[in-house]
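# Secondary and tertiary structure notes
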Amino acid sequence: MRRTRPKQTMPADVRRRLEQRDLADEYAARPFYQRNDYLSWIKQAKRPETRDKRIAQMLDELERGGVYMGMQHNPSRRN
């Protein structure tokens with residue numbers, strides 16, 4: 001499969017927050033494109049407040065399941 005977007009690396013603070021909330025497995029279970037999009041979106045934030053807000057949204061979505069970037073995502077829905 002050919003990827004058109006550059007692969008993003010996981011920032012240490014994002015990894016730490018995933019681990020603190022015990023969400024690393026939920027993150028890893030998401031498709032590559034979603035993991036990559038989340039990291040790209042977080043890294044594009046110009047202000048620290050925006051970056052923190054985006055990280056918090058990603059963590060909340062992983063915790064809830066069934067949502068990706070504010071959109072319904074049935075494959076990750078929890079029963």
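Model, not experiment: these values are computed from the prediction.

## Focus: the environment of Ala 45
The residue Ala 45 is located in the loop between α3 (32-43) and α4 (48-64) in this model. Take Ala 45: its relative accessible area is 15%, and that puts it in the buried class. Remark: the alpha-carbon pair of Ala 45 and Gln 34, spanning 11 residues in sequence, is separated by 17 Å. With sequence-adjacent residues up to four places away left out, Ala 45 is seen in contact with Thr 50, Arg 51 and Arg 54.

## Regarding the pattern of salt bridges
Close approach of charged atoms allows side chains with opposite charge to pair. One pass over the full model with this rule turns up 5 salt bridges. With a shortest N-O distance of 2.9 Å, Asp 60 and Arg 21 are connected by a salt bridge. Here Asp 60 is found in helix α4, whereas its partner Arg 21 is found in the loop between α1 (12-20) and α2 (24-29), with 39 residues between them in sequence. Looking at Arg 21, the relative accessible area reads 31%, which means it is partly exposed. A cluster of three or more residues bridged by salt bridges with shared partners is formed by Arg 21, Asp 60 and Glu 63.

## Observations concerning the side chain of Asp 37
Counting through the fold element by element, Asp 37 comes out in helix α3. Overall, Asp 37 belongs to the buried group, its relative accessible area being 15%. In this structure Asp 37 touches Arg 5, Tyr 68 and Met 69, once residues within four positions along its chain are discounted.

Parameters and conventions
- Residues numbered from 1 in each chain as written.
- Predicted model: local features only at pLDDT ≥ 70, side-chain atom pairs only at ≥ 80, totals over all residues.
- Heavy atoms only, no water.
- Helix = DSSP H or I, 4+ residues; strand = E, 2+ residues; numbered from the N terminus.
- Buried < 20%, exposed > 50% of the residue type's maximum accessible area, 1.4 Å probe, protein only.
- Contact = heavy atoms within 4.5 Å.
- Salt bridge = Lys/Arg side-chain N within 4 Å of Asp/Glu carboxyl O.

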